[in-house]
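Working through the structure, step by step
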Amino acid sequence: MEQYKIDDQHVLILYNPHDREGASDEAIVLEYVFEDIGFKHRLCEWNSTHELLSMMREAVQALPSTASVLVVCVMSHGRQGSLTDREGVQVPVNYILNQLKQDLPDETPLVCVLIVQF
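Residues numbered from 1 in each chain as written. Predicted model: local features only at pLDDT ≥ 70, side-chain atom pairs only at ≥ 80, totals over all residues. Heavy atoms only, no water.

1. Overview of the nonpolar core
Selection rule: For the purposes of this section, nonpolar cores are sets of buried Ala, Val, Leu, Ile, Met, Phe, Trp, Tyr and Cys residues that join through side-chain atoms within 4.5 Å. Here the term buried applies to any residue with accessible area under 20% of the maximum for its type, exposed to any over 50%, and partly exposed to those in between, with areas from a 1.4 Å probe on protein chains only. What counts as a helix is a DSSP run of H or I of at least four residues, what counts as a strand is a run of E of at least two, and both are numbered from the N terminus.
Within the largest apolar cluster, 16 residues are counted, with the highest numbers of intra-cluster contacts made by Leu12, Leu14, Trp46, Met56, Leu83 and Ile96. Mapped by element, the contributors of at least two residues to this core are strand 1 (9–15), helix 2 (49–62) and helix 3 (93–103). Here the element with the most residues in this core is helix 2; it accounts for 6 residues. Formed by 9 residues, the second largest nonpolar core is a distinct cluster that contains Val11, Tyr15, Ala23 and Ala27.

2. Concerning the packing of helix 2 against helix 3
Where we set the bar: Structural elements are reduced to axes, namely lines fitted to C-alpha atoms, with helices fitted over the stretch in contact, and the angle between N-to-C directions of any two is expressed from 0 to 180 degrees. These descriptions rest on fixed angle ranges, namely under 35 degrees for roughly parallel, over 145 for roughly antiparallel, 65 to 115 for roughly perpendicular, and the rest for oblique. Handedness of each helix crossing follows the sense of rotation of the near helix against the far helix: counterclockwise by less than a right angle gives left-handed, clockwise gives right-handed. For this analysis, residues touch if any pair of their heavy atoms sits within 4.5 Å.
Packing of helix 2 against helix 3 leaves a shortest axis separation of 10 Å and a crossing angle of 30 degrees. Here helix 3 runs roughly parallel to helix 2, going by the angle between their axes. For the pair helix 2 and helix 3, the crossing hand works out as right-handed. Packed against helix 2, whose contacting residues are Leu52, Leu53, Met56, Arg57 and Val60, the element helix 3 presents Tyr95, Ile96, Gln99, Leu100 and Asp103 at the interface.

3. With respect to helix 3
Rules: Relevant arc is that of directions from the helix axis to the C-beta atoms, nothing else.
Buried within helix 3 are the following residues: Val93, Ile96, Gln99, Leu100 and Asp103. Down the axis, helix 3 shows its buried residues gathered within 125 degrees of arc, on one side only. Of the residues in helix 3, the exposed ones pointing more than 90 degrees away from the buried face are Asn94, Lys101 and Gln102.

4. Considering the environment of Arg86
What counts, and what does not: Side-chain atoms alone can form a polar contact between residues adjacent in sequence; in general such a contact is a pair of N or O atoms within 3.5 Å, and within protein one must be able to donate a hydrogen while the other accepts it.
Mapped onto the elements of the fold, Arg86 is located in the loop between strand 5 (82–84) and strand 6 (90–92). Owing to a relative accessible area of 37%, Arg86 belongs among the partly exposed residues under this scheme. Distance in space between the C-alpha atoms of Arg86 and Trp46 is 8.8 Å, their sequence separation being 40 residues. Non-local contacts of Arg86, meaning those with residues more than four positions away in its chain, are made with Asn16, Pro17, His18 and Asn47. A distance of 2.7 Å separates a polar atom in the side chain of Arg86 from a polar atom in the side chain of Asn47.

5. Quick notes on the packing of aromatic side chains
Heads up, the rule is: Only Phe, Tyr and Trp rings take part, Trp by its six-membered ring, and two of them pair if their centres are within 6.5 Å. Stacked means planes under 30 degrees apart, edge-to-face means over 60, and tilted covers everything else.
Taken as a whole, this structure holds 1 aromatic pair when the rule is applied. Ring centres 5.0 Å apart and planes at 75 degrees place the aromatic pair Phe34 and Phe39 in the edge-to-face group. The class of Phe39 is buried, set by a relative accessible area of 11%.

6. Details of the pattern of salt bridges
Which entries qualify depends on this criterion: Salt bridges are identified by distance alone: a Lys or Arg side-chain nitrogen within 4 Å of an Asp or Glu carboxyl oxygen.
Here the structure, examined in full by the defined rule, presents 4 salt bridges. The partner of Asp8 in a salt bridge is Lys40, with the nearest N and O atoms 2.6 Å apart. One end of the pair, Asp8, is in the segment before strand 1; the other, Lys40, is in strand 2 (residues 40–45), with 32 residues separating them in the sequence. Residue Asp8 is classed as buried on the basis of its relative accessible area, which comes to 9%.

7. Quick look at the sheet that holds strand 3 (residues 69–75)
Heads up, the condition is: One bridge is not enough; two strands pair if DSSP finds at least two bridges between them.
Pairing is parallel in the open sheet, where 3 strands are placed in the order 2-1-3. Only two strands of the sheet have a single partner each, and these edge strands are strand 2 and strand 3. Ignoring strand direction, the axes of neighbouring strands in this sheet form an average angle of 10 degrees. Where strand 1 meets strand 3, 7 bridges bridge the pair, whose relative direction is parallel. Counterpart to Val11 in the pairing with strand 3 is Val71. Set on the sheet, helix 2 makes contact with strand 1, strand 2 and strand 3; between it and strand 1 the angle comes to about 170 degrees.

The structure is reproduced here in structure tokens:
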């Protein structure tokens, strides 16, 4: 079986702790899992939708040109296809994906896998 080795892999873990007991611990475990499989990692706590989008933009802009993959994990409560911040403001998941697509360089493909846990 032929295998493709990805050398410069990155993960951005963004978690909202509001009304989520143990959220930081959960995010740290996820960070360790990605570290164990060779990802360079960045862990950020967010509290407002504006802060979330700014952190994503900043992380994408800081990616080296050699990056071969970026996994973005956004952890929060929400409902009906939206994430909720500390103030109760909701941001649609599609808006987050569109913003990410705008921030990525044009030649970077965007693959979306959405996991919703209840």
